[in-house]
Amino acid sequence: MKFCDVFIIGGGPAGSIAAAKLVQSGLTVKLVERQVFPRFVIGESLLPRCNQLLAEANLLDAIQQANFQVKGGVAFETKQNFEIFHFENNLGEPFNSSFQVKRETFDHELLKEAERMGTDVEFESEVIAYDAEKNIVTVKTKTGDIKTYQAKKVIDASGYGRVLPRLLNLEAKPKLALRRATFCRVKHDIRPTDGTEGYIYVDIHGNNDAWIWNIPFNDGITSVGIVCTEEYFQSFNMTDTEFWDYIIATNSSAQKRYVNATKVNEVGSLSGYSAAVKKLSGNHFVLVGNASEFLDPVFSSGVTLALESGALAADLTLKELQGNKVDWQTEYEDYMMRGINVFREFVESWYDGRLQTIFFTEEKDEKIKQAITSVLSGYVWNEKNFFVKNPAQAVSTLVAMIEAR
Ligand SMILES: Cc1cc2nc3c(=O)[nH]c(=O)nc-3n(C[C@H](O)[C@H](O)[C@H](O)COP(=O)(O)OP(=O)(O)OC[C@H]3O[C@@H](n4cnc5c(N)ncnc54)[C@H](O)[C@@H]3O)c2cc1C
């Protein structure tokens, strides 16, 4: 058996930021990743809050050197409506731009940096068992060898692998409807020429039946994904590729943008990706990133929440290992759930159409737009923002006011 201060399962953004923070504090960190990097993962549009978290972990320089497409905001459009949120017009948050990233490159850069700082990284090794009493992790290597590690803390950053939720029976039923994403990368799209070419464009399709993400990279490739309910997809009786082609050809905005575009890879799909857990931490372990809660891709919150939870879990682990008391319920779980619940309210009111009523209303107060921009920038813990303080009430009051006009 081998020993380390902290054992991390998975080398995505949540695992890398946790590792980077912990090794810089002088702890020994073992990180085991089951794949070979670079590896593809979905989730390519980041929020300004990510940049702040990366800066605080001394990881932003490495990301800036990788020269990703700068993202200055987000635009929403239907056949009749258009609204754009420039990140710089927020409530005065410290960072007001982010990046559009091919995750295979972004995640690899982060993990390389965490390794350079001192993390002991092992690829192609999979965590297959966990003893929660003794805090012992069992790993199966590429060659089939079995190794065990005992750590003072285990951080599960296994993303869609959801290692500890599965092994410890922590899975809970997500409250959001079952949705599917059908996506592919293209080249030769026609991008906006008004300074917003690096923005994410979100096109609402039909009668709010589906929405399309348009995420431009700096090498001329664009990621294009369609999100809808599983039932809507099934009603077409089409393959993923046929469905993607059909929606792009029949959506007024996408049709124009992709008229000359060609696919650079096969159309892929993911279904039933929303996930929830009964609790985020236990005596010796903590769940971070997608190994905990995942809501929905619409506001590009996934990597922000992965970095936020990975960074906070690292800070609290350090505090605990230095002999201080940590109340994981209030300091970690309650904090994370506050931010997640702001996004949850936005996601739910997006799908039931109320948020679009707010987004597309013509008479929009500047302060309200700034508050929305702050949420769309990932600043979902700033209590000065009324959408953060009481998200459900803020959304319903605004909709009622707009409808009463
Ligand atoms: C359709 C869709 C679109 C999305 N779009 C966006 C977006 O635009 N912006 C955004 O911010 N987010 C987006 N997301 C969310 C984003 O994909 C995730 O939130 C993010 O990848 C979470 O990072 P992570 O570090 O928690 O996990 P991951 O990035 O998934 O990394 C987990 C790692 O753990 C490894 N692993 C798994 N099991 C084991 C094991 N047993 N042993 C060892 N290693 C293991 C995996 O190989 C993987 O490398 C989207 C999600 C979906 C479903």
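## Quick look at the packing of helix 2 (residues 48-56) against helix 9 (residues 302-321)
Part 1: Direction vectors running N to C along helix 2 and helix 9 enclose 30°, while the axes themselves pass 9 Å from each other. Considering their axes alone, helix 2 and helix 9 lie roughly parallel with respect to each other. Helix 2 and helix 9 meet at a crossing whose hand is left-handed. Facing Arg49, Cys50, Leu53 and Leu54 of helix 2, the residues of helix 9 in contact are Val303, Thr304, Leu307, Glu308 and Ala311.

## A short note on the side chain of Asp5
Part 1: Residue position: Asp5 is located in strand 1 (residues 2-9).
Part 2: Within the structure, the side chain of Asp5 is placed 2.9 Å from the backbone nitrogen of Thr28, a separation counted as a polar contact.

## A word on the nonpolar core
Part 1: In terms of nonpolar packing, the biggest core is built from 116 residues, with Phe7, Phe299 and Trp350 touching the most fellow members.
Part 2: Element by element, the count of residues in this core is highest for helix 10 (residues 328-351), at 12 residues.
Part 3: Contacts of Phe7, omitting those with residues within four sequence positions, involve Lys30, Val32, Val127, Val137, Val139, Tyr149, Ala151, Lys153, Val154 and Ile155.
Part 4: Core analysis: the next-biggest nonpolar cluster, separate from the first, contains 16 residues, Tyr232, Phe243, Ala254 and Tyr258 among them.

## Topic: helix 12 (residues 366-376)
Part 1: Within helix 12, eight of the 11 residues are buried, which leaves it mostly tucked inside the rest of the structure.
Part 2: Those residues of helix 12 hidden inside the fold are in contact with strand 4 (73-77), strand 5 (82-86), helix 10, helix 11 (354-360), helix 13 (386-389) and helix 14 (391-404).
Part 3: Where helix 12 begins, the side chain of Asp365 points an oxygen toward the backbone nitrogen of Lys367, at a separation of 2.8 Å.
Part 4: Just downstream of helix 12 lies Gly378, where phi reads positive at about 90°.

## Considering the pattern of salt bridges
Part 1: The full count for this structure, using the stated rule, is 31 salt bridges.
Part 2: Linking Lys30 and Glu122 is a salt bridge whose minimum nitrogen-to-oxygen distance equals 2.7 Å. A residue pair is termed long-range when its members are at least 10 positions apart, and Lys30 in strand 2 (residues 29-32) and Glu122 in strand 7 (residues 120-122) qualify at 92 residues.
Part 3: On the basis of relative accessible area, Glu122 is assigned to the buried category, the value being 13%.
Part 4: In this structure, Asp240 and Arg180 form a salt bridge, with 2.8 Å as the shortest nitrogen-oxygen distance. Within this pair, whereas Asp240 is found in helix 7 (residues 240-250), its partner Arg180 is found in strand 12 (residues 179-187), the two being separated by 60 residues in sequence. We note that Asp240, like Arg180, is buried.

## Describing the domain arrangement of the chain
Part 1: Looking at the chain, the domain boundaries give domain 1 (2-69 + 99-173 + 274-340), domain 2 (179-271) and domain 3 (353-404).
Part 2: At the interface, 16 residues of domain 1 touch 18 residues of domain 2.
Part 3: When domain 1 packs against domain 2, close to 1,300 Å² is buried across both sides, 58% of that on carbon and sulfur atoms.
Part 4: Broken down residue by residue, the surface that domain 1 buries against domain 2 is led by Gln69, Gln100 and Lys102, which jointly contribute 39%.
Part 5: The interface formed by domain 1 and domain 2 includes three salt bridges.
Part 6: For the side of domain 1 that touches domain 2, a count of residues per class yields six nonpolar, five polar and five charged.

## Things to note about the site of the ligand
Part 1: Around the ligand there are 39 residues in total, and Glu33, Ile42, Ser45, Asn290 and Val303 lie nearest to it.
Part 2: Within the backbone of Ser45, a nitrogen or oxygen atom sits 2.7 Å from a nitrogen atom of the ligand.
Part 3: Backbone polar atom of Val127 to a nitrogen atom of the ligand: 3.0 Å apart, as the coordinates give it.
Part 4: Taking 1,000 Å² as the accessible area of the ligand by itself, protein coverage stands at 98%.
Part 5: Elements with a contribution of two residues or more to the shell around the ligand: helix 1 (13-24), helix 4 (103-116), strand 8 (126-131) and helix 9.
Part 6: For the shell around the ligand, the element with the highest residue contribution is helix 9, accounting for three residues.
Part 7: Partitioned by chemical class, the residues of the shell around the ligand number 18 nonpolar, 14 polar and seven charged.
Part 8: Domain assignment of the residues forming the shell around the ligand places at least three in each of domain 1 (2-69 + 99-173 + 274-340) and domain 2 (179-271).

Each value, and the rule that gives it
- Residues numbered from 1 in each chain as written.
- Predicted model: local features only at pLDDT ≥ 70, side-chain atom pairs only at ≥ 80, totals over all residues.
- Heavy atoms only, no water.
- Axes fitted to C-alpha atoms, helices over the stretch in contact; angles between N-to-C directions.
- Helix = DSSP H or I, 4+ residues; strand = E, 2+ residues; numbered from the N terminus.
- Parallel < 35°, antiparallel > 145°, perpendicular 65-115°, else oblique.
- Left-handed = near helix turned anticlockwise from the far one by under 90°.
- Contact = heavy atoms within 4.5 Å.
- Polar contact = N/O pair within 3.5 Å; in protein donor to acceptor, adjacent residues only side chain to side chain.
- Core = buried A, V, L, I, M, F, W, Y, C linked by side-chain atoms within 4.5 Å.
- Buried < 20%, exposed > 50% of the residue type's maximum accessible area, 1.4 Å probe, protein only.
- Salt bridge = Lys/Arg side-chain N within 4 Å of Asp/Glu carboxyl O.
- Domains from an automatic or database assignment.
- Buried area = accessible area lost by both parts, 1.4 Å probe.
- Nonpolar A, V, L, I, M, F, W, Y, C, P; charged D, E, K, R; others polar.
- Near = heavy atom within 4 Å.
- Areas by Shrake-Rupley, 256 points an atom, 1.4 Å probe, with all protein chains shown as cover.

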